[in-house]
Amino acid sequence: MAAAQLPASVDQHACSACLVVLQDLVAIPCGHSFCMACINVYWKQSGTEGIYTCHQCRQTFAMKPPLNRNVALAEVTATLKGVLVSEAPSQSYAGPDVVPCDVCTGRKLRAEKTCSSCMASYCESHLQPHMESEDLKTHKLEEPSGSFKDKLCTKHQKVLESFCRTDETCVCLLCEEAEHNGHEMVTPDMERAVRQSLLENRKVEMKKRIEEKEKKLEEMKETVVRIQSSAKREVQELEESFTSLLQSIEKLRSEISSLITDYEWREVRKAQDFMGRLEKEIKELKRREAELSEFSKTDNHIYFLKRFPSIFSISEDEDAPNIAVNSDFLPDTLKKDLSDLKKTLEEISDWEFMQTSETGLNYPGHILQYLRGRNYFLKYSRPLTLDLNTVNKWLHFSEDNKMVTNKRTVTQYPDHPDRFDCRSQVLCGEALSGTRCYWEAEWSGEGATVGVAYEGISRKGWKYECLLGRNDMSWSLSCSDSHYSVWYNNMKTEICAPCSHRIGVYLDCPAGSLSFYSVSDAMTLLHRFETSFTEPLYAGFGVGWHSTVTICPLSPFEH
């Protein structure tokens, strides 16, 4: 911005350094007046230490001249400043986010440049000496910046004029001479150029990464759309399938109901017809009974003997139809078909979604399983054998290590650290982990316990902690002819269910569940533990007095 042109009447009152009306004016011994800030900056930045020159007449002083305020001239310049304010075009004043001029007094103007040599910022008017003075033209002017503190050495308060590549730091000349001798030194602008190049390369790299991320983002958005579309399609197909199935079931229900109603109507009509005939026959018989009663009272013997043959003959029953009416009126074939249909419909209610973590994702997956379909479990059947090293001395093995019996007689097994020395229990030798396993055991006698345990279950002594389910390292189902109960960590839960001597155990390690089933014509869930198994498990059995437990052979084709 060009400096405001001073009227001729005020030109003589302008500072020869900044060319504006004198501000905070002082006079030096040669008679010339300057702004105090202007003359101090001029003396600081020009000449040799101890030699001071008048900016206007170039008179030299051996000592720094005293700066005396000119009170009379200050009043005149104050008046002229008022004139200039009213006549000069509006100035660009510094706002809160703009670097102000360091020379302006009162309301400061916006700085146009910052001199890194003077460590000061100047508005357009106060910048003129740097444009005109040969001495000041060598100073480095930059875009306005008020952060001078960052450009000074904290130790010497000198301008940071060098960059030490060895120590990766900006230094002043005194630091360079004292502490960085022999280091690789460059000017800040040289190092800036190098690092600016690296920065540009990094910007290119970042732009490339942004483009890759944006591309990936678009791909993920498309994936989300596909997932939503696929989910919508799956739900729609499922809804259509279920709707069609329900419609078919409803149609079948209606047809079967109509069929049963038709059978009911025919049988009831047949029964009603028969009942009507019986009522007529009863009425006729009552009439005849009355006639016979009346005939028997006659005193005329001749009349009695003549009428007797006809009266006696009609009293005999005519051939009545033999109609069999059965409350179980449906044909056997239809009853069997309806029974099969009912079982099929009941199977639908036995399907259940189970959570599983086997997908390797950080959220659970799901599987659909038929809880009462034994063949579903048989495909996970796991052959088990009893471990001779764990069996209690009261228990006797079969030859194939599949059956164990408590005969209340001692067997002399060799000592082994894994053996249950007091409690009549035994573990299997197969470690079960990370998969799904199913096995069945049959028990007889006073009672038995079926369960699983970690390898570290206590095995020595009579303490309860040695029993399956009485600690936090095992889970069990206790069976007897009178009741069931499940145990974990010495916590008991009673189970109300009909007694079964065949127990199915389903261990789903991925889903974290252990289920006990009563196995007969159908699978009946007795109890399911939901937990997280942290170690391999071993199937185990507890055998009551005069009782036997047998690991059942399984085949996927059993029914």
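Residues numbered from 1 in each chain as written. Predicted model: local features only at pLDDT ≥ 70, side-chain atom pairs only at ≥ 80, totals over all residues. Heavy atoms only, no water.

**Looking at the overall build of the chain**
Thinking step 1. Secondary structure assignment for the chain yields nine helices and 26 strands.
Thinking step 2. For the chain, with 559 residues in total, the buried portion stands at 33%.
Thinking step 3. The long-range fraction of contacts in the chain, counting pairs at least 24 apart against all pairs at least 6 apart in sequence, stands at 54%.
Thinking step 4. Element-wise, carbon and sulfur atoms account for 54% of the exposed surface of the chain, whose accessible area totals about 34900 Å². (Helix = DSSP H or I, 4+ residues; strand = E, 2+ residues; numbered from the N terminus. Buried < 20%, exposed > 50% of the residue type's maximum accessible area, 1.4 Å probe, protein only. Contact = heavy atoms within 4.5 Å. Areas by Shrake-Rupley, 256 points an atom, 1.4 Å probe, with all protein chains shown as cover.)

**Considerations on the sheet that holds strand S11 (residues 185–186)**
Thinking step 1. Here we have three strands laid out as an open sheet, ordered S10-S9-S11, and antiparallel in their pairing. For this open sheet the edge positions go to strand S10 (169–171) and S11, each flanked by a neighbour on one side alone.
Thinking step 2. Pairing of strand S9 (residues 162–164) with S11 involves two bridges; the strand directions are antiparallel. The residue of S11 that forms the bridge with phenylalanine 163 is valine 186. (Pairing = 2+ DSSP bridges.)

**A short note on the pattern of salt bridges**
Thinking step 1. All told, the structure shown has 21 salt bridges when counted by the stated rule.
Thinking step 2. Salt-bridge contacts for glutamate 191 lead to arginine 195; the nearest nitrogen and oxygen are separated by 2.7 Å. Here glutamate 191 pairs with arginine 195, and both are found in helix H6 (residues 188–295), just four residues apart, close to one helical turn.
Thinking step 3. Assessed through its relative accessible area of 7%, glutamate 191 is described here as buried.
Thinking step 4. By sharing partners, the salt bridges in this structure join Arg165, Glu168, Glu184, Glu191 and Arg195 into a single network. (Salt bridge = Lys/Arg side-chain N within 4 Å of Asp/Glu carboxyl O.)

**Observations concerning the pairing of strand S25 (residues 537–543)**
Thinking step 1. Here S25 lies mainly inside the structure; seven of its seven residues are buried.
Thinking step 2. Every second residue of S25 is oriented toward a common face, with Leu537, Ala539, Phe541 and Val543 on one face and Tyr538, Gly540 and Gly542 on the other, all of them buried.
Thinking step 3. As paired elements, strand S16 (residues 425–427) and S25 share three bridges and run antiparallel to each other. Its bridge partner being in S25, leucine 427 is matched across the sheet by glycine 540.

**Brief notes about the nonpolar core**
Thinking step 1. Trp439, Ile503, Leu514 and Phe541 are the most contacted members of the largest nonpolar core, which has 39 residues in total.
Thinking step 2. When residues no more than four places from it in sequence are discounted, the contact partners of tryptophan 439 are Arg382, Leu384, Leu432, Val452, Ile503, Gly504, Val505, Leu507, Ala539, Phe541 and Leu554.
Thinking step 3. Counting 22 residues, the second largest nonpolar core, distinct from the first, contains Phe34, Cys35, Phe61 and Val103. (Core = buried A, V, L, I, M, F, W, Y, C linked by side-chain atoms within 4.5 Å.)

**A few points about the environment of cysteine 509**
Thinking step 1. Tracing the backbone through its elements, the reader meets cysteine 509 in the loop between strand S22 (502–508) and strand S23 (513–519).
Thinking step 2. Looking at cysteine 509, the relative accessible area reads 16%, which means it is buried.
Thinking step 3. On a C-alpha basis, the gap between cysteine 509 and glycine 434 in space is 5.3 Å, while along the polypeptide they are 75 residues apart.
Thinking step 4. Excluding residues within four positions of it along the chain, cysteine 509 makes contact with Leu432, Ser433, Gly434, Thr435 and Phe533.

**A closer look at the packing of aromatic side chains**
Thinking step 1. What the rule picks out here adds up to 12 aromatic pairs.
Thinking step 2. Residues tryptophan 475 and phenylalanine 533 carry aromatic rings whose centres are separated by 5.3 Å and whose planes lie at 80 degrees to one another, so their mutual orientation is edge-to-face. On the criterion of sequence distance, the pair formed by tryptophan 475 in strand S19 (residues 474–479) and phenylalanine 533 in the loop between strand S24 (523–530) and S25 is long-range, its members being 58 residues apart.
Thinking step 3. In this structure tryptophan 475 comes out as buried when scored by relative accessible area, which is 2%. (Phe/Tyr/Trp six-rings, centres within 6.5 Å; stacked < 30°, edge-to-face > 60°.)

**Description of the confidence of the model for the chain**
Thinking step 1. Here the chain averages 83 in pLDDT, while 81% of its residues score no lower than 70.
Thinking step 2. Scored below 50 in pLDDT, residues 356–362 makes 13 contacts in the model with residues more than four places away or belonging to other chains. (pLDDT = per-residue confidence, 0-100.)

**Here's the deal with H6**
Thinking step 1. Here H6 spans 151 Å end to end across 108 residues, near enough to the 160 Å set by a 1.5 Å rise per residue.
Thinking step 2. Residues Glu191, Ile256, Glu267, Ala271, Phe274, Arg288 and Phe295 constitute the buried set of H6. (Expected span 1.5 Å × (residues − 1).)

**A look at unusual backbone geometry**
Thinking step 1. Positioned with a positive phi, arginine 408 is a non-glycine residue whose angle comes to about 60 degrees.
Thinking step 2. On the secondary structure map, arginine 408 appears in the loop between strand S15 (403–406) and S16.
Thinking step 3. With a phi angle near 65 degrees, asparagine 490 is a residue other than glycine that sits in the positive phi range.
Thinking step 4. With a relative accessible area of 41%, asparagine 490 lands in the partly exposed category.

**Considering the side chain of asparagine 471**
Thinking step 1. Relative to the helices and strands, asparagine 471 is located in the loop between strand S18 (448–454) and S19.
Thinking step 2. Polar contacts involving the side chain of asparagine 471 include one to the main-chain carbonyl oxygen of leucine 467, which spans 3.1 Å.
Thinking step 3. Separated by 3.0 Å, the side chain of asparagine 471 and the backbone nitrogen of methionine 473 make a polar contact.
Thinking step 4. Each residue touching asparagine 471, except ones within four places of it in the same chain, is listed here: Ile457, Glu465, Tyr488, Asn489 and Asn490. (Polar contact = N/O pair within 3.5 Å; in protein donor to acceptor, adjacent residues only side chain to side chain.)

**A closer look at the sheet that holds S23**
Thinking step 1. In spatial order, the strands read S14-S15-S26-S17-S22-S23-S24; together these seven strands make up an open sheet with antiparallel pairing. Both edges of this open sheet fall to strand S14 (395–397) and S24, since each of them pairs with a single strand only. Pairs of neighbouring strands in the sheet enclose a mean axial angle of 20 degrees, with direction left out of account.
Thinking step 2. Where strand S17 (residues 436–444) and S22 come together, seven bridges link them in antiparallel fashion. Counted as the bridge partner of tyrosine 438 is tyrosine 506 from S22. (Axes fitted to C-alpha atoms, helices over the stretch in contact; angles between N-to-C directions.)

**A word on the environment of valine 98**
Thinking step 1. Within the secondary structure, valine 98 is located in the loop between helix H3 (71–87) and strand S6 (113–115).
Thinking step 2. Sequence separation between valine 98 and serine 145 is 47 residues, and the spatial gap between their C-alpha atoms is 9.0 Å.

**A short note on a nonpolar patch on the surface**
Thinking step 1. Together, Leu238, Phe242, Leu245, Leu246, Leu345 and Ile348 make up a nonpolar patch on the protein surface, roughly 560 Å² of accessible area in all.
Thinking step 2. Secondary structure elements with two or more residues in the nonpolar patch: H6 and helix H8 (332–348).
Thinking step 3. Looking at the element boundaries, leucine 245 is found in helix H6.
Thinking step 4. By relative accessible area, leucine 245 is classed as partly exposed at 39%. (Patch = residues over 30% accessible without salt bridge, like charges linked within 9 Å, V, L, I, M, F, W, Y side chains within 5 Å.)

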